[in-house]
Amino acid sequence: MTLPKGFGSGGSGGASSADVEKMIGRRVENMTGIITISYIAAWLATFGGTAAGYFYYPWAYPTPSGHYAFIVLTIIEAIGYLFCVKVMEEGTKKKSNGIVGATLAATAVGTILISLFVGT
């Protein structure tokens, strides 16, 4: 691989992982936190969207329909979050099972509680 000027070790022609990291920026393996925060923000935005139906337009959007949409969208977001983190860490020694499990469990419990007590 030919490296841009200023990267690499002279004429060896090979790129080290440090050189690649300098060229492309931060490694994705270290972004579990930002992906987790993004997932939680998306989940809260999903609740905000369905809450508009619960509180502002109850005559147009029945509560059971809002709950169904919220649950289905939460499942889709959770699958996407899980795949993002697992694909991002593929081939590394990083272990994020704890943070992924805790985040998914918390949003599952939150979804159940919201479906039980909000809009009824």
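Structure's up top.
Sequence order as written defines the numbering, with residues in each chain counted from 1. It should be noted that, the model being predicted, local features are given only for residues of pLDDT at least 70 and side-chain atom pairs only at 80 or more, the latter also being counted only at that level, while totals for whole chains, interfaces and linings use all residues. Neither water nor hydrogens contribute to the side-chain values; these are computed over all heavy atoms in the structure.

Break down the overall build of the protein chain for me, with residues and values.
A count of helical and extended segments in the protein chain gives four helices and zero strands. Intrachain contacts of the protein chain at a sequence separation of at least 6 include 61% that bridge at least 24 residues. Total accessible area computed for the protein chain in this model is approximately 7800 Å², and 70% of it derives from carbon and sulfur atoms. In this text, helices come from DSSP runs of H or I with a minimum length of four residues, and strands from runs of E with a minimum of two, each type numbered from the N-terminal end. Two residues qualify as a contact provided that any one of their heavy atoms is within 4.5 Å of a heavy atom in the partner residue. For the area figures, the Shrake-Rupley method with a 1.4 Å probe applies, and any residue is considered shielded solely by the protein chains shown.

Any chance you could break down the packing of aromatic side chains for me, citing the residues and the numbers?
Ring pairs shown here join Phe, Tyr and Trp side chains whose ring centres sit within 6.5 Å, with only the six-membered ring taken for Trp; geometry is labelled stacked below 30 degrees between planes, edge-to-face above 60, and tilted in between. Considering all chains together, one arrives at five aromatic pairs under this definition. Here the aromatic rings of phenylalanine 47 and phenylalanine 70 are separated by 5.9 Å at their centres, their planes lie at 65°, and the arrangement is edge-to-face. Of this pair, phenylalanine 47 sits in helix α2 (residues 32-56) while phenylalanine 70 is found in helix α3 (residues 63-88), placing the two residues 23 residues apart along the sequence. Exposed residues in this analysis have more than 50% of their type's maximum accessible area, buried residues have under 20%, and partly exposed residues fall in between, with area computed by a 1.4 Å probe over protein chains only. In this structure phenylalanine 47 comes out as partly exposed when scored by relative accessible area, which is 22%. Aromatic side chains tyrosine 57 and tryptophan 59 sit 5.7 Å apart centroid to centroid with 75° between the ring planes, which places their arrangement in the edge-to-face category. A relative accessible area of 43% means that tyrosine 57 is categorised as partly exposed. Ring-pair connections join several aromatic residues into one group, and the members of that group are Trp43, Phe47 and Phe70.

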